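Breakdown of the fold
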Amino acid sequence: MTSADNSTVIDIGRLEQLADIMLPAGYGMPSASEVRAVGSYLDEVLGWRDDLCQPLVEALAALDPSTFTVERLSAFLSENEDAYTALTTVVAACYYLSPVVRDRIGYPGQVAKTYDPFAYTEWVAEGLLDPVVERGPIWRKVPE
């Protein structure tokens, strides 16, 4: 169990079981537990989104991993939208923070890109924006 804040305790084992049902291994991708997604990244995710702590606890209390199915997850949305959102957001966020998962989908993470404002792309050079430039501005002035 981990403490998301001073008053909320989250059962990581239970969350990992639910995550494995939601994200099983397949099509060349690992399951959530294979990459230790929840155990490794839960604190980080909840650090960014502490508003998900309480609804996540509600989701864990409402869903039994031994009888949980993806179909049950769909029904859970109508029962408790906040808990559903917290559960699915946290599980997905933890999973996609894994370097193994990122590597398998070809996502290197955020990469700084340089931009040369003087370099024109082909479609600008071909004149595709000329009608827009010729038309001129078309906004309305906001009354003061």
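Reading guide: rules and limits
Residues numbered from 1 in each chain as written. Predicted model: local features only at pLDDT ≥ 70, side-chain atom pairs only at ≥ 80, totals over all residues. Heavy atoms only, no water. Core = buried A, V, L, I, M, F, W, Y, C linked by side-chain atoms within 4.5 Å. Buried < 20%, exposed > 50% of the residue type's maximum accessible area, 1.4 Å probe, protein only. Helix = DSSP H or I, 4+ residues; strand = E, 2+ residues; numbered from the N terminus. Axes fitted to C-alpha atoms, helices over the stretch in contact; angles between N-to-C directions. Left-handed = near helix turned anticlockwise from the far one by under 90°. Contact = heavy atoms within 4.5 Å. Nonpolar A, V, L, I, M, F, W, Y, C, P; charged D, E, K, R; others polar. Salt bridge = Lys/Arg side-chain N within 4 Å of Asp/Glu carboxyl O. Phe/Tyr/Trp six-rings, centres within 6.5 Å; stacked < 30°, edge-to-face > 60°. Polar contact = N/O pair within 3.5 Å; in protein donor to acceptor, adjacent residues only side chain to side chain.

A few words now on the nonpolar core. One finds L15, L42, L46, L56, L87 and V90 to be the most contacted residues of the largest nonpolar core, which totals 32 residues. Among the elements of the structure, helix 1 (12-22), helix 2 (37-48), helix 3 (53-62), helix 4 (70-79) and helix 5 (81-97) are those that each provide at least two residues to this core. In terms of residues, this core owes the most to one element, helix 5, which gives eight residues.

Turning our eyes to something else, we now look at the packing of helix 2 against helix 5. Between helix 2 and helix 5, the least distance of the axes is 8 Å, while the angle of their chain directions is 115 degrees. Viewed along their axes, helix 2 and helix 5 form a crossing whose handedness is right-handed. Taken together, the residues of helix 5 that come into contact with helix 2 (itself represented by A37, V38, Y41, L42, E44, V45, L46 and W48) are V90, A93, C94, Y95 and L97. Across the contact of helix 2 with helix 5, the residue classes tally to 12 nonpolar, no polar and one charged.

A complete count under the given rule lists two salt bridges for this structure. Residues D51 and R49 are paired through a salt bridge, measuring 2.8 Å at the closest nitrogen-oxygen approach. Classification of D51 by relative accessible area gives partly exposed; the value is 44%. E79 is the salt-bridge partner of R72, the closest N and O atoms lying 2.9 Å from each other. Residue class for E79 comes out partly exposed when judged on its relative accessible area of 49%.

Counted under the stated rule, the structure contains one aromatic pair. Taking 5.2 Å as the distance between ring centres and 85 degrees as the angle between the ring planes, the aromatic pair formed by Y95 and Y96 counts as edge-to-face. What makes Y96 partly exposed here is its relative accessible area of 42%.

With that settled, consider the side chain of S31. Here S31 lies in the loop between helix 1 and helix 2. Take S31: its relative accessible area is 7%, and that puts it in the buried class. A polar contact of 3.3 Å, which involves the side chain of S31, links it to the side chain of S33. For S31, the residues in contact, after removing those within four places along its chain, are D20, L23, P24, A25 and Y95.

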